[in-house]
Amino acid sequence: MTRILLVEDDERIAADIAATLAAQGYIADLEADGEEAWFRGDTEDYAAVILDLGLPGMDGLSILKRRRGNGRNMPVVVLTARGAWSERVEGIDAGADDYLPKPFQMEELIARLRSVLRRHAGQASSLTTIGELSVDERKMRVAVRGVPLNLSSLEYRLITYLVRNRDRVVPQHELIEHVYASDAEPDSNALEVLEGRVRRKIGRDLIETRRGSGYSMKEPEA
Ligand code: CA
């Protein structure tokens, strides 16, 4: 059984998530206090942590930072307040593997959780290849046919996010949230321009655009 540490102080949300996790066959340990959660995460082994940021005791960001300082590397999905851009960016910088703005659908939380668990299981290799594209997240290197590309941080973030989520279509709003480290919400136009630039660098067929739904990486047909 896969054990998940669920850190959430809102009783209603916590109960909903716990019930969903149980129904999906996970064992969830619930913790509402940040200090206690930190202690538990530090002394017990979990497959993953679902972490709310606003917590009594110790806030989620401090937990993330301390955890990273410790070299523990359980994957963490962070839950953030709606529209809290800076929180999300800080969360990612502090080592969160993914985050979900509230309110969210339980199905989406489970999908994200599965994806971080899968990624974590396959972390022995940090190199992902899709067609002629190779992405080494540990070295922060993206190459086409072995030739390293010169990328801006926005381009790098766009590519790595699509690569990590290559088994699904990533909605435009989600991609915008993950790519832009800014309090100012960029429009979808800016994303399209960025995506066009990335296409020219990695090859136009790798990213599939689904009008009205989002983007996905696709393995070119042999
Ligand atoms: Ca909270």
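Look a little higher up for the structure.
What you see is a predicted model; the values in this text were computed from it and never measured.

Colleague: Let's hear about the pairing of strand β5 (residues 98-101): which residues, and what values?
Modeller: By the alternation rule, side chains of β5 split into Asp 98 and Leu 100 and Tyr 99 and Pro 101, which are all buried. One ladder, built from four bridges, connects strand β4 (residues 76-80) with β5; its direction is parallel. Note on β5: the bridge partner recorded for Thr 80 is Pro 101.

Colleague: Tell me about the coordination of the calcium ion, residues and numbers included.
Modeller: Taken together, the protein donors to the calcium ion comprise Asp 9 (OD), Asp 52 (OD) and Gly 54 (O), at separations of 2.2 to 2.4 Å. Considered as a linear motif, the donors of the calcium ion on their single chain read D-x42-D-x1-G. Since its relative accessible area comes to 6%, Asp 52 is described here as buried.

Colleague: Can you break down empty space enclosed by the protein residue by residue, with the values?
Modeller: Applying the stated rule across the entire model yields one cavity of 30 Å³ or more. Taken as a whole, the largest cavity holds about 140 Å³ of empty space. Taken together, 14 residues make up the lining of the largest cavity; nearest its centre are Ala 37, Gly 41, Val 49, Ile 63 and Arg 67. In terms of residues, the lining of the largest cavity owes the most to one element, helix α2 (residues 34-43), which gives four residues. By residue class, the composition of the lining of the largest cavity is 10 nonpolar, one polar and three charged.

Colleague: Outline the nonpolar core, listing residues and values.
Modeller: Among the nonpolar cores identified, the biggest contains 24 residues, and Leu 133, Leu 158, Ile 159, Leu 175, Ile 202 and Met 217 are the most heavily contacted of them. Counting only elements with at least two residues in this core, the list comes to β7 (133-136), β8 (141-144), α6 (153-164), α7 (172-179), α8 (188-202) and β11 (214-217). By size, the runner-up hydrophobic cluster in this structure holds 19 residues, among which are Val 49, Leu 64, Ala 94 and Tyr 99.

About the thresholds
- Residues numbered from 1 in each chain as written.
- Predicted model: local features only at pLDDT ≥ 70, side-chain atom pairs only at ≥ 80, totals over all residues.
- Heavy atoms only, no water.
- Buried < 20%, exposed > 50% of the residue type's maximum accessible area, 1.4 Å probe, protein only.
- Helix = DSSP H or I, 4+ residues; strand = E, 2+ residues; numbered from the N terminus.
- Pairing = 2+ DSSP bridges.
- Donors = N, O, S within 2.8 Å, 3.2 Å for Na, K, Ca; no water.
- 1 Å grid on protein atoms, 1.4 Å probe; cavity = no way out; pocket = protein on both sides within 12 Å on 5 of 7 lines; lining within 4 Å.
- Points joined across faces, edges and corners; volume = space filled by probe spheres on them.
- Nonpolar A, V, L, I, M, F, W, Y, C, P; charged D, E, K, R; others polar.
- Core = buried A, V, L, I, M, F, W, Y, C linked by side-chain atoms within 4.5 Å.

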